Amino acid sequence: MILNVFWGVEPIIFIQRFFGESWNWFFQTITQLGSVEGIALVFAMTFWIFGRRLAWCLVGSVVFVTAVNLIIWSIIDVPRPNHPEIKVYKELNISSFPSGHTGTATIFWGTLTALTNVPLVITVLVVLLVMLSRLYLGVHYFGDVIGGLIIGLILLKIYPRLWDIVWRWFNGRTFKLFLVLSLSVPIAVFPFADSFPEGWEVFGASVGAAIGIPLELCYVHYSPANISKQKQAFKLIIGLSVLIMIIFSSRFISNDESVRDAISFGLGAFWILFLAPMLFKYIGLSRS
């Protein structure tokens, strides 16, 4: 009986029938709040407004939960939902348990709430909607999203202490170390780019970061200025507008989806981490 509730198709069928086809666009958008796209957008805004410490803390939380999920996926192989009455909106070829989007949304937005003035109710709403979206899209069972939630909450409890240790270790290290680490990440990610959803997006972002981080540290060393809310809004409008144009225009570069994802996220990461901070410094919207 319990297995039917957690790993049965009835909850998925009920949700899909309750909302209907007209809600597809909404859940396709909401699910991005636990994906690479949504994380990249929030990271950009966090880095430009609050600075590097909070921004990299958020990235670290995603790396942490992803690493744990990769281990679990390699050990526990649960087939994805497959039933004639279920419409699967996106085919995925890794284990269904746990829901990576749910775990990512839980630790990412939970960390954001813990370290900023983002209300807890917003984080709870985001996580619940991401969970609901994964069921509606037919890519997870109810037990998968509950598992992702539990794992995300456990890691959210552990992560702050772990991050303090990591930040203290990195603080004050030489530029050469950051250069070596930046260049090592794409090499480490590349063999696994096909192994998990959004792998090529992660690889592209790591390449853009590998180039952008050393250049920013060497030539910009961006730090957000204490400016008015109007100027902060102006900064975000500039940064996000260019970012959207980069992602949109890169879609015409290749017909191969993996290549498009890698290029768009590589260029996007380079803009977020180097070109945008350099522009903000030049027009007086940051301090060095």
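Here, every reference points to the structure presented above.
Report follows, based on the coordinates. Keep in mind that what you see is a predicted model, and the values were worked out from it rather than measured.

On to the overall build of the chain. Counting secondary structure elements, the chain contains twelve helices and two strands. Listing every helix and strand of the chain by position from the N terminus yields α-α-α-α-α-α-α-α-α-α-β-α-α-β. Computed over its C-alpha atoms, the radius of gyration of the chain comes to 20 Å, within 12% of the 19 Å expected for a compact globule of 288 residues. Over its C-alpha atoms, taken along the principal directions, the chain stretches across nearly 60 × 40 × 40 Å. The buried share of the chain, taken over its 288 residues, is 48%. Relative to all contacts within the chain whose residues are 6 or more apart in sequence, the contacts with residues 24 or more apart total 78%.

With that settled, consider the nonpolar core. A general feature of soluble globular proteins is that nonpolar side chains tend to end up buried together. Phe 108, Trp 109, Tyr 136 and Leu 137 are the most contacted members of the largest nonpolar core, which totals 28 residues. Only helix H2 (10-19), helix H4 (36-50), helix H5 (52-75), helix H6 (100-115) and helix H7 (120-136) provide two or more residues apiece to this core. At six residues, the largest contribution of residues to this core is made by H7. What Tyr 136 contacts, discounting residues up to four positions off in sequence, is Ile 15, Gln 16, Phe 19, Gly 20, Glu 21, Trp 23, Asn 24, Phe 27, Lys 87 and Tyr 89. Ranked by size, the runner-up nonpolar core spans 23 residues in total, among them Ile 227, Ile 238, Phe 274 and Phe 280.

For the rest of this paragraph, the subject is the side chain of Thr 31. Structurally, Thr 31 is set in the loop between helix H3 (24-30) and H4. In this structure Thr 31 comes out as buried when scored by relative accessible area, which is 3%. There is a polar contact of 3.3 Å between the side chain of Thr 31 and the side chain of Ser 133. The residues contacting Thr 31, other than those within four sequence positions of it, are His 101, Ser 133, Arg 134 and Leu 137.

Packing of H2 against H7 brings their axes to within 8 Å, and their N-to-C directions diverge by 95°. Classified by the angle their axes make, H2 and H7 are roughly perpendicular. Counting all contacts with H2, which are made through Ile 12, Ile 15, Gln 16 and Phe 19, the residues of H7 involved are Leu 132, Leu 135 and Tyr 136. Taken together, the residues that form the contact of H2 with H7 break down as six nonpolar, one polar and no charged.

What follows covers a nonpolar patch on the surface. Together, Ile 150, Ile 154, Ile 158 and Leu 162 make up an exposed nonpolar region whose accessible area comes to about 330 Å². Locating Ile 150 in the fold gives a position in helix H8 (residues 142-170).

What follows deals with helix H10 (residues 199-220). Taking 1.5 Å per residue, 22 residues should reach 32 Å; H10 reaches 29 Å between its end C-alpha atoms and fits that length. Bending of H10 peaks at approximately 25° at the position of Ala 209. Of the residues flanking the end of H10, it is His 221, one or two places downstream, whose phi is positive at about 50°.

Now for the packing of aromatic side chains. If you walk through the whole model with that rule in mind, you get 25 aromatic pairs. Between Phe 26 and Phe 27, the ring centres sit 5.2 Å apart and the planes meet at 75°, which makes this aromatic pair edge-to-face. Lying across the ring of Phe 280, Lys 235 places its NZ or CZ 5.7 Å from the centre.

On to the pattern of salt bridges, then. In the structure shown here, the tally under the stated rule is three salt bridges. As a salt-bridge pair, Glu 85 and Arg 17 come within 2.3 Å of each other at their nearest N and O atoms. In this pair, Glu 85 sits in the loop between H5 and H6 while Arg 17 sits in helix H2, placing the two residues 68 residues apart along the sequence. Classification of Glu 85 by relative accessible area gives partly exposed; the value is 44%. Residue classification places Arg 17 among the exposed positions, given a relative accessible area of 60%. For the salt bridge of Arg 52 with Glu 216, the shortest nitrogen-to-oxygen distance reads 2.9 Å. One end of the pair, Arg 52, is in helix H5; the other, Glu 216, is in helix H10, and 164 residues separate them in sequence. By relative accessible area, which is 2% here, Glu 216 ends up buried.

Conventions used here
Residues numbered from 1 in each chain as written. Predicted model: local features only at pLDDT ≥ 70, side-chain atom pairs only at ≥ 80, totals over all residues. Heavy atoms only, no water. Helix = DSSP H or I, 4+ residues; strand = E, 2+ residues; numbered from the N terminus. Rg over C-alpha atoms; globule rule 2.2 N^0.38 Å. Buried < 20%, exposed > 50% of the residue type's maximum accessible area, 1.4 Å probe, protein only. Contact = heavy atoms within 4.5 Å. Core = buried A, V, L, I, M, F, W, Y, C linked by side-chain atoms within 4.5 Å. Polar contact = N/O pair within 3.5 Å; in protein donor to acceptor, adjacent residues only side chain to side chain. Axes fitted to C-alpha atoms, helices over the stretch in contact; angles between N-to-C directions. Parallel < 35°, antiparallel > 145°, perpendicular 65-115°, else oblique. Nonpolar A, V, L, I, M, F, W, Y, C, P; charged D, E, K, R; others polar. Patch = residues over 30% accessible without salt bridge, like charges linked within 9 Å, V, L, I, M, F, W, Y side chains within 5 Å. Areas by Shrake-Rupley, 256 points an atom, 1.4 Å probe, with all protein chains shown as cover. Salt bridge = Lys/Arg side-chain N within 4 Å of Asp/Glu carboxyl O. Expected span 1.5 Å × (residues − 1). Bend = angle between axes of the 7 residues up to and from the residue. Phe/Tyr/Trp six-rings, centres within 6.5 Å; stacked < 30°, edge-to-face > 60°. Lys NZ or Arg CZ within 6 Å of the ring centre and 35° of its normal.

Treat this as a map of the structure, not an account of what it does.
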